[in-house]
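For reference, the chains in residue letters:
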Amino acid sequence: MGKWLRKRDIILIISLLLVGVIVLIIWHFIYSEDGKYVTIEQRDNLIGTYPLSVDREIEIEHRGEIVNTIVIEDGYCYMKEAKCPDHLCIKQGKVNKSGQTIVCLPNRVVVTVVDSDSSDYDSIVN
């Protein structure tokens, strides 16, 4: 009886984990919205806000040298080139959902997908 109880416990745990993963995947696709703009910051300074609907290539400079190249294309944004040792920012792939980010830590560049071209404040700040 002890063996069956263990097998049933394992089956129950695996079933619950699978249900949880399926719910998370469904929630992600239903509630995540496509962003409309991309904000680019470097060293806590806003470089600019760009619409995802307009294809372009943005070069980020630091001390006169191009350190990152960001591409907006077909409603997606991605890091094309980076002068950093690990290239994790390039490996993050294409983003277009609101709240997604691409971060290049060595160059301190943060790319964030947002819904609007202005920063949103709550009613207390306004």
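Keep in mind it's a predicted model, so treat the numbers as computed, not measured.

**Q** Can you explain the confidence of the model for the chain? Please cite residues and give values.
**A** Averaged over the chain, the pLDDT score is 87; the fraction of residues at 70 or greater is 88%. Long-range and interchain partners of residues 120–126, a stretch whose pLDDT sits below 50, account for 1 contact in this model, where long-range means more than four residues apart.

**Q** Tell me about the sheet that holds strand E6 (residues 101–104), residues and numbers included.
**A** What the 4 strands build is an open sheet, ordered E2-E1-E7-E6; its pairing is antiparallel. Each of the sheet's edge strands pairs with one partner strand only, and the pair in question is strand E2 (45–51) and E6. Strand-to-strand twist of the sheet, defined as the mean angle between neighbouring strand axes without regard to direction, takes the value 15 degrees. The pairing of strand E1 (residues 37–42) with E2 spans 6 bridges and is classified as antiparallel. When the sheet's bridge partners are listed, Gln42 is paired in E2 with Asn45.

**Q** Describe in detail the state of the cysteines, supporting the description with residues and values.
**A** Tallied over the entire structure, the rule returns 0 disulfides. There is no disulfide at Cys89, and the cysteine sulfur nearest it, in Cys104, is 3.7 Å away.

**Q** Give a description of the nonpolar core that names residues and reports values.
**A** Ranked by size, the top nonpolar core spans 20 residues in total, and within it Ile40, Ile70, Cys77, Met79, Val109 and Val111 carry the most contacts. Elements that contribute at least two residues to this core include exactly E1, strand E3 (56–62), strand E4 (65–73), strand E5 (76–82), E6 and strand E7 (109–114). Leaving out residues up to four positions away in the same chain, Met79 has contacts with Asn68, Thr69, Ile70, Cys89, Ile90, Ile102, Val109 and Val111.

**Q** Report on the pattern of salt bridges, specifying residues and quantitative values.
**A** Pairing is possible between side chains that carry opposite charge, provided their charged atoms lie close to one another. Applying the stated criterion across every chain yields a total of 3 salt bridges. For Lys97, the salt bridge goes to Asp34, with nearest N and O atoms at 2.9 Å. Remark: Asp34 occurs in the loop between helix H1 (2–31) and E1 and Lys97 occurs in the loop between helix H2 (88–91) and E6; sequence separation between them is 63 residues. Judged by its relative accessible area of 21%, Lys97 falls in the partly exposed class. The salt bridge partner of Lys83 is Glu65, with a shortest N-O separation of 3.4 Å.

**Q** For the sheet that holds E5, give the residues involved together with the corresponding values.
**A** Taken in spatial order, the 3 strands line up as E3-E4-E5 in an open sheet, and their pairing is antiparallel. Taken across any chain shown, the strands that pair with only one partner, and hence form the sheet edges, are E3 and E5. Neighbour to neighbour, the strand axes of the sheet diverge by 25 degrees on average, direction disregarded. Relative to E5, E4 runs antiparallel, the two sharing 6 bridges. In the strand pairing of E5, Ile72 is matched with Cys77.

Each value, and the rule that gives it
- Residues numbered from 1 in each chain as written.
- Predicted model: local features only at pLDDT ≥ 70, side-chain atom pairs only at ≥ 80, totals over all residues.
- Heavy atoms only, no water.
- pLDDT = per-residue confidence, 0-100.
- Contact = heavy atoms within 4.5 Å.
- Pairing = 2+ DSSP bridges.
- Helix = DSSP H or I, 4+ residues; strand = E, 2+ residues; numbered from the N terminus.
- Axes fitted to C-alpha atoms, helices over the stretch in contact; angles between N-to-C directions.
- Disulfide = S-S within 2.5 Å.
- Core = buried A, V, L, I, M, F, W, Y, C linked by side-chain atoms within 4.5 Å.
- Buried < 20%, exposed > 50% of the residue type's maximum accessible area, 1.4 Å probe, protein only.
- Salt bridge = Lys/Arg side-chain N within 4 Å of Asp/Glu carboxyl O.

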